[in-house]
Amino acid sequence: MTGVALAEELLLLAYDDETGKATMPRISLDLGMAAAVLIELALAGRIAYSAGSLTVVDPTPTGEPLVDGVLARMAADTPHSPSSWVQRLRHGLRDKILGDLCAQGVVRDVDETELGFIHVHRYPTVDPAVEADTRRRLAEALASGELPDERTAALATLVAVLRMEPALGLTGDAAREARQRLEEIAGGAGFSGTVSLGRVLPIL
C-alpha cells in the first residue's frame, strides 16, 4: 500500500482546492470512490471475482484503515455482485474519507451557516503534496505511450469512467485527447486478472 488510498486520490481530484467544494455530481463521486476501494482490494490480492460475485480470498489487513474496514465488512458478509458492493459501500464513504483527510492535515473542514441555520461544509486544501503527486502520475501517464503501473492505471480508468477530465484542468482539444488516452489506458488495464473496473462500476 502507498499510504494514500485510491478513493482518497479520487476525492482530492474531485474537490476544488480553494473553494473546498465538489466539482462533479456527488452521486457519481460516491460510486467512483466505492469502486476505487474494491479495486484497491483487488490490487492487494485480497478479493477476487468469481461466479458473478466478489469473494474475499485473503482477509489479512493491508495497513490502510479505510480499505481494511471494507475488507473486514466483506469478509463478515456473504458474497455479493460488484455493483451490489458499490451501492452498499457508497453510503457515508465520502464523509469517512473527508474525515480521514482532515485528520491527516491534507484538507480542513470549514463549517459555514447559510440562511442562518443551514450548515454547509467546505474542504479546502491545506497540504497540496498528495494531490500534486496524483496529478503528476496522471500527467505522466497521459504523456506516455506506455501502460502505467497498476495503481495509476486504475486511477486513470476511474477518471475516464467518471468523465473527470475537467478536474484535470483540461478543456477543448486537450480534454478530448486526454480522454482518448485515458480510454486507451483503461482498455489495457487488467488489474492482475482479479477484478476489472467494468465489473465493479455500474453505469452512471
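Right above here is the structure, for reference.
To keep things clear, this report deals only with the structure shown in the data block. The structure presented is a predicted model; accordingly, all values stated were derived computationally and were not measured.

On to the overall build of the protein chain. Counting its regular elements, the protein chain contains nine helices and four strands. In terms of overall dimensions, the protein chain is globule-like: its C-alpha atoms have a radius of gyration of 17 Å, near the 17 Å expected for 204 residues. The principal-axis extents of the C-alpha atoms in the protein chain amount to approximately 50 × 40 × 30 Å. Residues counted as buried form 46% of the 204 residues belonging to the protein chain. Partitioning the contacts of the protein chain with sequence separation of at least 6, the portion at a separation of at least 24 is 64%. With the model as given, the accessible surface of the protein chain reaches about 9600 Å², and the carbon-plus-sulfur share is 52%.

Next up on the list: the packing of aromatic side chains. On inspection of all chains with the given rule, the structure shows one aromatic pair. Arranged with centres 6.4 Å apart and planes meeting at 75 degrees, the rings of Tyr-15 and Tyr-123 form a pair that is edge-to-face. Remark: Tyr-123 occurs in the loop between strand E4 (118-122) and helix H6 (129-143) and Tyr-15 occurs in the loop between helix H1 (6-14) and helix H2 (26-43); sequence separation between them is 108 residues. Just as Tyr-15 is buried, Tyr-123 falls in that class too. Above the face of the Trp-85 ring, Arg-88 is positioned so that its terminal group lies 5.9 Å from the ring centre.

In this sheet, strand E2 (residues 53-56) lies alongside strand E1 (residues 47-50) in antiparallel orientation, the contact comprising four bridges. The partner of Ile-47 across the bridge, within E2, is Val-56.

Our next topic: the packing of H1 against H6. The contact between H1 and H6 brings their axes to 10 Å, and the two run at 95 degrees. Judged by the inter-axis angle, H1 sits roughly perpendicular to H6. Mapping the contact onto sequence places Glu-9, Leu-12 and Leu-13 in H1 and Val-130, Glu-131, Thr-134, Arg-135, Arg-137 and Leu-138 in H6. Across the contact of H1 with H6, the residue classes break down as four nonpolar, one polar and four charged.

This brings us to the nonpolar core. Membership of the largest hydrophobic core comes to 55 residues, with the highest contact counts inside it found for Leu-10, Met-33, Leu-38, Met-74, Ile-97, Val-159 and Met-164. Contributions of two or more residues to this core are made by H1, H2, helix H3 (65-76), helix H4 (82-90), helix H5 (93-103), H6, helix H7 (150-161) and helix H8 (172-188).

The next thing to look at is the environment of Thr-23. Residue placement: Thr-23 occurs in the loop between H1 and H2. Here the alpha-carbon distance between Thr-23 and Val-4, two residues 19 residues apart in the chain, equals 21 Å. Not counting chain neighbours up to four residues away, the residues in contact with Thr-23 comprise Leu-13, Ala-14, Tyr-15 and Asp-16.

This next bit is on the packing of H2 against H5. Angle between the axes and distance between the axes are the two parameters that describe a pair of packed helices. Between H2 and H5, the least distance of the axes is 9 Å, while the angle of their chain directions is 75 degrees. Accordingly, the angle class assigned to the pair H2 and H5 is roughly perpendicular. Where H2 abuts H5, its residues Arg-26, Leu-29, Asp-30, Met-33, Ala-34 and Val-37 lie against Leu-93, Arg-94 and Ile-97. Each residue belonging to the contact of H2 with H5 can be placed in one class, and the counts come to six nonpolar, no polar and three charged.

Reading the values: rules and limits
- Residues numbered from 1 in each chain as written.
- Predicted model: local features only at pLDDT ≥ 70, side-chain atom pairs only at ≥ 80, totals over all residues.
- Heavy atoms only, no water.
- Helix = DSSP H or I, 4+ residues; strand = E, 2+ residues; numbered from the N terminus.
- Rg over C-alpha atoms; globule rule 2.2 N^0.38 Å.
- Buried < 20%, exposed > 50% of the residue type's maximum accessible area, 1.4 Å probe, protein only.
- Contact = heavy atoms within 4.5 Å.
- Areas by Shrake-Rupley, 256 points an atom, 1.4 Å probe, with all protein chains shown as cover.
- Phe/Tyr/Trp six-rings, centres within 6.5 Å; stacked < 30°, edge-to-face > 60°.
- Lys NZ or Arg CZ within 6 Å of the ring centre and 35° of its normal.
- Pairing = 2+ DSSP bridges.
- Axes fitted to C-alpha atoms, helices over the stretch in contact; angles between N-to-C directions.
- Parallel < 35°, antiparallel > 145°, perpendicular 65-115°, else oblique.
- Nonpolar A, V, L, I, M, F, W, Y, C, P; charged D, E, K, R; others polar.
- Core = buried A, V, L, I, M, F, W, Y, C linked by side-chain atoms within 4.5 Å.

Without other data, these values stay purely geometric and don't point to any function.
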